[in-house]
Structure formats: structure tokens, C-alpha cells
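In case you want the letters, here they are:
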Amino acid sequence: MYYLCIGEKVPEKTFKLMINNKLYLTTLLLSWIIAMPLAAQHKSGNLAIIDIAHTKGDSLKTSNVNIGIFGASQRMHGAQINLFSSSAKEMRGVQMAGIASLTKRANGLQLSGMTNVCSTPMRGVQMAGVSNVARGVKRGVQVAGVMNVCARSMRGLQVSLYNHADTLSGWQCGIINACSHHPKGVQVGIINMSGDTVAHKIGLVNINPKTVVDVMVYGGSSTKTNVAVRFRNKSTYSILGVGTHFMGLDSKFSGAVFYRLGQYLAVSPKLSLSADIGYYHVETFEENSNTAPQRLYSLQGRINIDYRLGKTLGCFASVGYGDTRYYHHSTRYRQRMLGEAGITLNINHHHK
């Protein structure tokens with residue numbers, strides 16, 4: 001197995017790390033498919049308009065300026081700027097390309113329209129329109145439009161829709177953040193996942209190996225039929241879900257998406273009590289008017305009782321209160337008591 005940009009072997013431990021995470025492996029392979037034909041330029045030579053270089057005592061050619069269509073250098077100490085791809089065994093300075101910037105060792109700035117790849121721990125900044133891939137980040141920043149991958153220790157900052165690191169000792173900011181080990185550092189995002197329980201997470205859904213995941217199917221007086229996923233940690237939980245017929249069964253179709261955050265107390269191994277607050281975004285699919293608004297928001301609070309019937313199956317009941325308002329002027333649309341009941345199905349079979 002090789003890093004496609006420079007022909008270096010990937011260690012077995014790193015390769016196993018990669019294949020164990022299917023989500024980022026898929027995107028990583030797409031990045032490599034993009035970079036592979038461009039990386040061939042490193043072996044076939046460079047197509048440069050300006051190439052200022054000299055040879056040092058170790059017989060390696062060192063480029064100071066490499067500007068053109070495809071750029072390939074043994075050692076780059078300076079600026080490498082090319083229309084399609086820039087490739088170097090070692091880079092210190094600035095490496096820019098319209099599609100891909102590729103190097104074995106980096107200390108500086110990698111900038112590309114699609115993907116940057118560094119096959120050893122880098123120092124500096126990677127910025128790409130699609131993805132950044134590095135075997136490690138000693139001190140640096142990865143910023144990408146879709147995905148950042150650090151296959152070893154990440155000491156710095158990752159900003160993207162999806163961020164992955166083996167060992168996180170810095171910050172991850174994105175929609176989805178994932179790491180295998182988290183000795184120190186912070187994850188800030190919508191969904192934060194870590195392979196240990198010591199991670200510091202700020203987000204709507206936080207998942208670690210001890211998180212209990214339940215699918216909830218229930219009916220109620222707010223949205224009449226509902227499906228949701230509940231993530232239980234040590235004493236807190238969060239719920240993401242969808243519901244239908246917010247306006248009533250005798251009305252046209254209406255629905256809501258919602259997020260709830262709460263605290264629970266385990267009374268016994270099977271029985272627990274909890275309370276939560278939630279935000280509901282409601283779509284009525286009506287033409288907007290004062291009497292029939294197109295969309296609303298609802299703030300709701302509940303107290304709940306859960307009982308575990310078996311290893312996977314449980315049941316629950318809830319009572320609460322909802323305050324529903326218009327978006328454009330926050331005038332109250334309605335307020336009323338809530339009641340719900342349903343079943344839970346545990347999907348990871350892990351209980352405290």
C-alpha cells in the first residue's frame with residue numbers, strides 16, 4: 001500500500017487505522033483518485049514556465065521558484081505555484097496548485113483548489129477546497145471545504161464539514177468531528193465522536209464508547225407520530241427526531257424536526273426518570289397567513305419515565321408543556337400541555 005503522491009509505503013498500523021473508519025476512508029479514496037494522475041507528474045518531470053533551482057552537496061536538486069502547469073521538485077525551498085498540480089519530496093515555503101498539492105514533508109503553506117496531501121507529520125497550514133490529508137500535524141492548521149484527515153497525532157486546528165484525527169491534542173470544528181484518542185483538546189460541532197470517554201465535546205450530539213443509543217418510536221399530542229434517536233451518556237442525553245401531523249390528524253400534512261437536551265437519573269438498573277427541553281421547527285406546508293402560517297417554532301419541556309423491558313426493548317411515557325410561536329414576529333400561536341408514550345429499541349446493546 002502506498003501514498004499515491006510520492007510512492008512512500010504506508011505503515012501497517014496507519015493502514016489499519018484508515019480501513020477501520022469507513023466514513024473518512026471513502027472520502028480519502030476519492031481524494032487520492034483525484035490526485036493519482038497528477039502525482040504521475042512527479043516521476044515524469046515537471047512542466048514549468050519558471051524553474052529556478054540549484055544542486056546542494058547531497059546531490060538533491062533544490063528549487064526556489066517553480067511556476068507553470070505541472071510542477072515537480074525533489075526539494076522545494078521557496079514557492080511552487082502551478083495550474084494543475086505541485087509535487088515535491090520536501091517542501092518549505094509555499095506550495096499552491098489549482099487541483100492538488102502533494103509532498104512527503106511539509107513546513108509551510110499548502111494551498112489547492114481540491115486536495116492537499118502530506119505523507120509525514122507536517123508543520124504549517126493546509127487549505128483546500130475539498131480535502132486535506134496528513135499523516136500527522138505537529139503544529140498547524142487544516143482548513144477544507146469537505147474533509148480533514150490526520151492519520152496520527154493532531155496538534156493544532158481542523159476546520160471542515162468532517163474532521164478526523166487518530167489522536168487529538170488540539171481543536172476540531174465542524175459538522176462532524178471524530179477521533180480515536182483524545183488525551184486533550186476540544187471538539188466543537190453538531191456531532192462529536194471519540195474512541196475514549198475523556199474527550200471535551202461541545203455539540204448537539206456527543207458520542208463515546210459508553211454512549212447508549214436508542215431508537216424511539218412513539219405517539220403524542222404534539223406531533224402525532226414520531227421517530228427519534230436518543231444518545232445517553234453518563235447523566236445527560238440528547239434526542240434528534242422527526243414527527244408528523246403537528247397541526248392535527250384532521251388537517252393537511254404537517255411535520256416537525258426537533259432536538260431535545262436533558263438530564264436523567266437512574267432509579268434502578270431498569271427504571272430511570274428524566275427531564276428535557278426541546279426546540280421544534282414546524283412546517284405546515286400552507287400558504288403563509290396569520291391564520292395558517294407556513295412555518296412555526298415550538299419550545300417544549302418534558303418530564304419522562306423510562307422502563308427497560310429487556311436487553312433491547314423498553315417503554316416510556318412523557319408529560320410536558322409546549323409554547324408555539326410565529327417566526328417573523330414571535331407572537332404566540334398556541335400553548336398547551338403535552339402527553340406522549342412509546343417504545344425504545346437499543347441498537348448498541350451497551351448498558352451501564
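Sequence positions are assigned chain by chain, starting from 1 and proceeding in written order. Side-chain atom pairs in this predicted model are given and counted only at pLDDT of 80 or more, local residue features only at pLDDT of at least 70, and totals for whole chains, interfaces and linings cover all residues. Calculated side-chain values reflect all of the structure's heavy atoms, with hydrogen atoms and water omitted.

(A) Structural view of the overall build of the protein. The secondary structure content of the protein amounts to two helices and 20 strands. Relative accessible area decides the class of each residue, using a 1.4 Å probe on protein chains only: under 20% of the type maximum gives buried, over 50% gives exposed, and in between gives partly exposed. Every one of the 352 residues in the protein was classed for burial, and the buried ones make up 46%. In this analysis, two residues are considered to be in contact whenever any of their non-hydrogen atoms come within 4.5 Å of each other. Sequence-distant contacts, at least 24 apart, represent 28% of the contacts inside the protein between residues at least 6 apart. Roughly 16,400 Å² of accessible area belongs to the protein as shown, and the carbon and sulfur atoms make up 65% of that amount. Helix and strand definitions follow DSSP, with helices as H or I runs of at least four residues and strands as E runs of at least two, each counted in order from the N terminus. Values of accessible area rely on a 1.4 Å probe in the Shrake-Rupley scheme; residue burial ignores everything except the protein chains shown.

(B) Examining the side chain of Asp-276 more closely. If you trace the backbone, Asp-276 turns up in strand 17 (residues 271-283). With relative accessibility at 5%, the residue Asp-276 sits in the buried group. Throughout this description, a polar contact denotes any pair of N or O atoms lying within 3.5 Å of each other; where both atoms belong to protein, one of them has to be capable of donating a hydrogen while the other can accept it, and for residues adjacent in sequence the pair is counted only when both atoms sit in side chains. Among the polar contacts made by the side chain of Asp-276, one reaches the side chain of Asn-304 at a distance of 3.0 Å. Contacts of Asp-276, omitting those with residues within four sequence positions, involve Tyr-237, Arg-260, Leu-261, Gly-262, Gln-300, Gly-301, Arg-302 and Asn-304.

(C) Representation of the pairing of strand 8 (residues 147-159) in the model. Only when DSSP finds a minimum of two bridges between them are two strands counted as paired. When strand 7 (residues 131-144) meets strand 8, the two strands line up parallel, connected through nine bridges. Paired with Val-143 across the two strands is Val-159, which belongs to strand 8. Here six bridges tie strand 8 to strand 9 (residues 162-168), and the two strands are oriented parallel to one another. Note on strand 9: the bridge partner recorded for Val-149 is His-164. Relative to strand 10 (residues 171-181), strand 8 runs parallel, the two being bridged by three bridges. Residue pairing for strand 10: Gln-158 is matched across the bridge by Gln-172.

(D) Focus on a positive patch on the surface. A grouping of Arg-123, Lys-138, Arg-139, Arg-155 and Lys-184 is seen on the molecular surface, where their side chains present a positively charged patch. Within the secondary structure, Lys-138 is located in strand 7. A patch consists of residues whose relative accessible area exceeds 30% and which take part in no salt bridge; residues with like charges are grouped when within 9 Å of each other, and nonpolar side chains (Val, Leu, Ile, Met, Phe, Trp, Tyr) when within 5 Å. Salt bridge, as used here: a side-chain nitrogen of Lys or Arg that lies within 4 Å of a carboxyl oxygen of Asp or Glu. Under this rule, positive means Lys or Arg and negative means Asp or Glu; His and the chain ends count for nothing. Charge positions come from single atoms, namely NZ of Lys, CZ of Arg, CG of Asp or CD of Glu.

(E) Structural view of unusual backbone geometry. For His-245, which is not glycine, the phi torsion reads 60 degrees and is therefore positive. Along the chain, His-245 turns up in the loop between strand 15 (236-244) and strand 16 (255-266). Judged by relative accessible area, which is 22%, His-245 ranks as partly exposed.

(F) Representation of the sheet that holds strand 14 (residues 225-232) in the model. Strand order in this closed barrel of eight strands is 13-14-15-16-17-18-19-20, and the pairing throughout is antiparallel. Adjacent strand axes in the sheet meet at a mean angle of 25 degrees, parallel and antiparallel pairs treated alike. One ladder, built from 13 bridges, connects strand 17 with strand 18 (residues 295-308); its direction is antiparallel. Residue pairing for strand 18: His-281 is matched across the bridge by Tyr-297. Fitting a line to C-alpha atoms yields each axis, with helices limited to the stretch in contact; the angle taken between N-to-C directions then spans 0 to 180 degrees.

(G) Summary view of the pattern of salt bridges. Evaluated as defined, the whole model comprises 12 salt bridges. The closest approach of N and O atoms between Asp-306 and Arg-232, which form a salt bridge, is 3.7 Å. Taken as a pair, Asp-306 in strand 18 and Arg-232 in strand 14 lie far apart in primary sequence, 74 residues in all. Across the pair, Arg-232 and Asp-306 agree in class, each one buried. A cluster of three or more residues bridged by salt bridges with shared partners is formed by Asp-214, Arg-230, Arg-232, Asp-306 and Arg-308.

(H) Structural detail: a nonpolar patch on the surface. On the surface, Val-217, Val-227, Val-242, Val-257, Tyr-307, Leu-309, Leu-313, Ile-343 and Leu-345 cluster together into a nonpolar patch covering about 710 Å² of accessible area. For Leu-345, the location among the structural elements is in strand 20 (residues 332-346). On the accessibility criterion, Leu-345 (36% relative accessible area) is partly exposed.

(I) Inspection of the pairing of strand 20 at higher detail. Note: strand 13 (residues 212-220) against strand 20, seven bridges, orientation antiparallel. Considered in strand 20, the bridge of Val-217 is made with Ile-343. As paired elements, strand 19 (residues 313-326) and strand 20 share 13 bridges and run antiparallel to each other. By the bridge assignment for strand 20, Gly-314 is matched with Thr-344. Counting the residues between successive antiparallel strands, the hairpin from strand 19 to strand 20 contains five residues, one of them, Ser-330, with a positive phi of roughly 60 degrees.

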